[in-house]
Amino acid sequence: MKNYWKILYNGILPSNPVLVLLLGMCATLGTTSTAMNGLMMGIATGAVLVCSNTAISALKWFVPDKVRIPAYIVIIATFVTVLQLAISAWMPALNAALGIFIPLIVVNCILLGRAEGFAGKNGVIASFFDGLGCGLGFTLALTALGGIREFLGTGALFGWQIYPEDYGMLLFVLAPGAFIALGYLIAAVKKI
């Protein structure tokens, strides 16, 4: 059990997909205009990561090597489709906020990287913890980046107004602000 906690922790900080490995930049920069959007995108991606890692690890003995990557993508796409249908049905506001980024979870390199690099070579429980750790790390990174951008850009955090919006910096609401905030966040993590 001790080894599973190490696998879980590894995805959160030492091998954080966003802040250390620099994977999943499309979703990271595109959905983090607010802390809530970052949190929800992280949870959605994390859920798919946990489910796909577990399924791929369980099915790895049945998948021939020649079709391994396409099979992994089909498994990931299945979970993303189920997630997208659930979000469309039960959370239309979230569906509108995240838009095209939900179906793009399929091509997020974090998922295929973890499937190929870990789930295809390890047991089901270890793969579950790996997916959970990377999902938590991705969620924390997106939430932190979204929080920084929302706070500096609009003066709010999770929708709660902290200082007047007139004092916010428009730069952080726009795409260049995402790059700047991400750069400083990565630098802070590297320093730690």
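About the criteria used
Residues numbered from 1 in each chain as written. Predicted model: local features only at pLDDT ≥ 70, side-chain atom pairs only at ≥ 80, totals over all residues. Heavy atoms only, no water. Helix = DSSP H or I, 4+ residues; strand = E, 2+ residues; numbered from the N terminus. Expected span 1.5 Å × (residues − 1). Buried < 20%, exposed > 50% of the residue type's maximum accessible area, 1.4 Å probe, protein only. Contact = heavy atoms within 4.5 Å. Salt bridge = Lys/Arg side-chain N within 4 Å of Asp/Glu carboxyl O. Core = buried A, V, L, I, M, F, W, Y, C linked by side-chain atoms within 4.5 Å. Axes fitted to C-alpha atoms, helices over the stretch in contact; angles between N-to-C directions. Parallel < 35°, antiparallel > 145°, perpendicular 65-115°, else oblique. Left-handed = near helix turned anticlockwise from the far one by under 90°. Nonpolar A, V, L, I, M, F, W, Y, C, P; charged D, E, K, R; others polar. Patch = residues over 30% accessible without salt bridge, like charges linked within 9 Å, V, L, I, M, F, W, Y side chains within 5 Å. Areas by Shrake-Rupley, 256 points an atom, 1.4 Å probe, with all protein chains shown as cover.

**Q** Please clarify how helix H4 (residues 68-90) should be interpreted in this entry.
**A** Owing to its 3.6 residues per turn, the α-helix aligns residues three or four sequence positions apart on the same side. Spanning 23 residues, H4 covers 33 Å between terminal C-alpha atoms, matching the ideal 33 Å at 1.5 Å per step. For H4, every residue scored as buried is listed here: Tyr-72, Ile-75, Ile-76, Val-80, Leu-83 and Ile-87. If you follow the buried residues of H4, they end up packed against helix H3 (35-59), helix H5 (92-98) and helix H6 (109-119).

**Q** Where do I start with the side chain of Thr-28 in this structure?
**A** Mapped onto the elements of the fold, Thr-28 is located in helix H2 (residues 25-31). Take Thr-28: its relative accessible area is 0%, and that puts it in the buried class.

**Q** For this particular structure, what's the right way to read the pattern of salt bridges?
**A** Once the charged atoms of two side chains with opposite charge are near each other, the side chains can pair. Counting across every chain of the model gives three salt bridges. The salt bridge involving Arg-68 is made with Asp-65; its shortest N-O contact spans 3.7 Å. Residue class for Arg-68 comes out partly exposed when judged on its relative accessible area of 25%. Measuring nitrogen to oxygen at the nearest pair gives 2.9 Å for the salt bridge that ties Arg-68 to Glu-116. Placement of the pair is Arg-68 in helix H4 and Glu-116 in helix H6, with a sequence separation of 48 residues.

**Q** Sorry, what's going on with the nonpolar core here?
**A** Grouped burial of nonpolar side chains is what soluble globular proteins tend to show. Residues Leu-19 and Ile-105 are the most contacted members of the largest nonpolar core, which totals 37 residues. Not counting chain neighbours up to four residues away, the residues in contact with Leu-19 comprise Ala-141, Leu-182, Leu-185, Ile-186, Val-189 and Lys-190.

**Q** What exactly am I supposed to notice about the packing of H3 against H6 here?
**A** Remark: H3 packs on H6, axes separated minimally by 10 Å, with the N-to-C direction vectors making an angle of 30 degrees. Comparing the axis directions of H3 and H6 gives the class roughly parallel. Here H3 runs over H6; the crossing is right-handed. Along its contact with H3, which presents Thr-45, Val-48, Leu-49, Ser-52, Asn-53, Ile-56 and Ser-57, the element H6 presents Ile-110, Leu-111, Arg-114, Ala-115 and Ala-119. Its residues assigned to classes, the contact of H3 with H6 shows seven nonpolar, four polar and one charged.

**Q** Help me understand a nonpolar patch on the surface in this model?
**A** Together, Met-36, Phe-151, Leu-157, Phe-158, Trp-160 and Ile-162 make up a nonpolar patch on the protein surface, roughly 610 Å² of accessible area in all. Along the polypeptide, Phe-151 turns up in helix H7 (residues 124-154). Look at Phe-151 and you get partly exposed, because its relative accessible area is 32%.

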